[in-house]
Protein chains: 2
Amino acid sequence: MDIFMQAAIDEARQGRREGGIPIGSVLRRGNDIVGRGHNKRVQDLDPIAHGEMDALRNAGRQRTYRDTVLYTTLMPCYMCAGTIVQFKIPKVVVGEAQTFGESLDFLQSHGVEVEILNSPECVELMREFIEAEPTLWNEDIMEL
Amino acid sequence: MDIFMQAAIDEARQGRREGGIPIGSVLRRGNDIVGRGHNKRVQDLDPIAHGEMDALRNAGRQRTYRDTVLYTTLMPCYMCAGTIVQFKIPKVVVGEAQTFGESLDFLQSHGVEVEILNSPECVELMREFIEAEPTLWNEDIMEL
């Protein structure tokens, strides 16, 4: 596994251990991780703290994102996809897109390259979580 | 002026007083404000803390947003527009859309009602700020 996706998966697992939603993300520049994070809806009572958003928040103020790649264990929702477009992040590497994700066309139509790894490990992270916490998952995707 | 937009403007002015970017937002449910906030890029070194995002964060976990209206002093960027779509917020009231904003088609195509007030007060807030702090503004819209 790519070390950057592995770091995103580590973040997702950390989130699950904290009682949260197991989605993690890493912002990469060259060989460096400039920000990493995971979903903190439960931990911080924060509905905007998806994994991607937490990684970008933790990266702090950046002059540009044009030289970065965002890794995320799950296909971005529209909030995170809109953020990727707004921040002009040129590429997103996605762990899996079978559990969730309707933003692929939006991202691609705005020139964002999307690489989907179809990682069984990422699928299993979500399968186990959704089976254990269906209400929490539906809250996070606004389907209550 | 609508009391909810006035509250959003008050938030924007508070942000400017703090040395930040003067964009404010309020989440309304019925006659209540359930969350309010302003851009905190400078104050919190947080690039995702646009006014709308800060208001939603401050509102905390909500069971649904289908019965809410989001007020914002400036037309939402794609991050905030994606969030509105993801959260299924049915209506956005916008102070002004002449300084910034390319997300109108995206919002409308996802069924969001957008009311634009063309408020001279909101335009003047941004005009004064951009004249005083052009680099900070360009950082916030990722145009450095």
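Quick summary incoming for the structure in this document. (Residues numbered from 1 in each chain as written. Chains lettered and ligands numbered in written order. Predicted model: local features only at pLDDT ≥ 70, side-chain atom pairs only at ≥ 80, totals over all residues. Heavy atoms only, no water.)

The next subject is helix α1 (residues 3-17) of chain B. Residue and element names in this part refer to chain B. The first and last C-alpha atoms of α1 sit 21 Å apart over 15 residues, in line with the 21 Å expected at 1.5 Å per residue. Those residues of α1 that sit buried are Phe4, Met5, Ala7, Ala8, Ile9, Glu11, Ala12 and Gly15. Tucked inside the fold, the buried residues of α1 contact β1 (24-29), β2 (32-38), α2 (41-44), β3 (69-74), β4 (91-96) and α6 (120-132). You can read the cap of α1 off the contacts: a side-chain oxygen lies 2.7 Å from the backbone nitrogen of Phe4, and it is on Asp2. One or two residues past the end of α1 sits Gly19, with phi positive at roughly 90°. (Helix = DSSP H or I, 4+ residues; strand = E, 2+ residues; numbered from the N terminus. Expected span 1.5 Å × (residues − 1). Buried < 20%, exposed > 50% of the residue type's maximum accessible area, 1.4 Å probe, protein only. Contact = heavy atoms within 4.5 Å. Polar contact = N/O pair within 3.5 Å; in protein donor to acceptor, adjacent residues only side chain to side chain.)

So, on to the interface of chain B and chain A. Counting residues at the interface gives 33 residues for chain B and 33 residues for chain A. Between chain B and chain A, the buried area comes to about 3100 Å², and carbon and sulfur atoms account for 61% of it. There are six salt bridges connecting chain B and chain A. One salt bridge connects Lys88 of chain B with Glu143 of chain A, and the closest N-O pair in it is separated by 3.5 Å. Run the count over chain B and chain A and you get ten residue pairs in polar contact (both at pLDDT 80 or more). Sorting the residues of the side of chain B that touches chain A by element identifies α2, α3 (51-59), α4 (78-86) and α7 (134-140) of chain B as the ones contributing at least two each. Ranked by residues supplied to the side of chain B that touches chain A, first place goes to α4 of chain B with six residues. Along the lines of polarity and charge, the residues of the side of chain B that touches chain A split into 18 nonpolar, six polar and nine charged. (Buried area = accessible area lost by both parts, 1.4 Å probe. Salt bridge = Lys/Arg side-chain N within 4 Å of Asp/Glu carboxyl O. Nonpolar A, V, L, I, M, F, W, Y, C, P; charged D, E, K, R; others polar.)

Turning to the sheet that holds β2 of chain B, a few remarks are in order. All names here are of chain B. Sheet architecture is open: five strands sit in the order β2-β1-β3-β4-β5, paired in mixed fashion. One side of each edge strand has no neighbouring strand; the edge strands of this open sheet are β2 and β5 (113-116). Pairwise comparison of adjacent strand axes, ignoring direction, gives a mean angle of 20° for this sheet. As judged from the four bridges shared by β1 and β3, these two strands associate in the antiparallel manner. Within β3, the position partnered with Ser25 by the bridge is Thr72. Together, β1, β2 and β3 form the strand contacts of α3, whose direction differs from that of β2 by roughly 130°. (Pairing = 2+ DSSP bridges. Axes fitted to C-alpha atoms, helices over the stretch in contact; angles between N-to-C directions.)

Next up on the list: the environment of Tyr78 of chain A. Mapping Tyr78 of chain A onto the fold places it in helix α4 (residues 78-86). Classification of Tyr78 of chain A by relative accessible area gives buried; the value is 11%. With 28 residues separating them in the primary sequence, Tyr78 of chain A and Phe106 of chain A have C-alpha atoms 8.5 Å apart. Aside from chain neighbours lying at most four places away, what touches Tyr78 of chain A is Glu102, Ser103 and Phe106 of chain A together with Gly82, Thr83, Val85, Gln86, Phe106 and His110 of chain B. Engagement of the side chain of Tyr78 of chain A in a polar contact is seen with the backbone oxygen of Glu102 of chain A, the distance being 3.4 Å.

It is worth spelling out the side chain of His50 of chain A at this point. Here His50 of chain A is to be found in the loop between α2 (41-44) and α3 (51-59). Those residues in contact with His50 of chain A, other than ones at most four positions away along the chain, are His38, Asn39, Cys77, Met79, Cys80 and Asp140 of chain A.

The next point concerns the packing of aromatic side chains. Ring pairs (aromatic) are described by centroid distance and by the angle formed between their planes. Taken as a whole and assessed by the stated rule, the structure comprises 13 aromatic pairs over all chains. The interplanar angle of 45° and the centroid separation of 4.9 Å between the aromatic rings of Tyr65 of chain B and Phe87 of chain B together place this pair among those described as tilted. With Tyr65 of chain B in the loop between α3 and β3 and Phe87 of chain B in the loop between α4 and β4, this pair connects stretches of sequence that are 22 residues apart. When sorted by exposure, Tyr65 of chain B lands in the same class as Phe87 of chain B, which is buried. Chaining the aromatic ring pairs together yields one cluster made of Tyr78 and Phe106 of chain A together with Tyr78 and Phe106 of chain B. (Phe/Tyr/Trp six-rings, centres within 6.5 Å; stacked < 30°, edge-to-face > 60°.)

With that settled, the discussion passes to the relation of the copies chain B and chain A. The two copies are related by a screw operation: chain B maps onto chain A through 180° of rotation and 0.0 Å of translation along the axis, at an RMSD of 0.0 Å. Here the symmetry operator amounts to a two-fold rotation axis. Among all residues of chain B, the minimum C-alpha distance to the rotation axis is found for Gly82 of chain B, at 2.4 Å. Take the interface residues of chain B: 100% of them recur as interface residues in chain A, which is what a same-surface contact looks like. (Least-squares fit on C-alpha atoms with pLDDT ≥ 70 in both.)

As a further point, take the sheet that holds strand β5 (residues 113-116) of chain A. Residues and elements named next belong to chain A. If you trace the five strands from one edge of the open sheet to the other, you get β2-β1-β3-β4-β5, paired in mixed fashion. The outermost strands of the open sheet, each flanked by one partner alone, are β2 (32-38) and β5. On average, adjacent strands in this sheet sit at an angle of 20° to one another, irrespective of strand direction. In the sheet, strand β4 (residues 91-96) pairs with β5 via four bridges, with the strands oriented parallel. Across the sheet, residue Val93 finds its bridge partner in β5, namely Glu115. Packing of α3 onto the sheet brings it into contact with β1 (24-29), β2 and β3 (69-74), and relative to β2 it is tilted by some 130°. Lying over the sheet, helix α6 (residues 120-132) contacts β3 and β4, oriented at roughly 60° with respect to β4.

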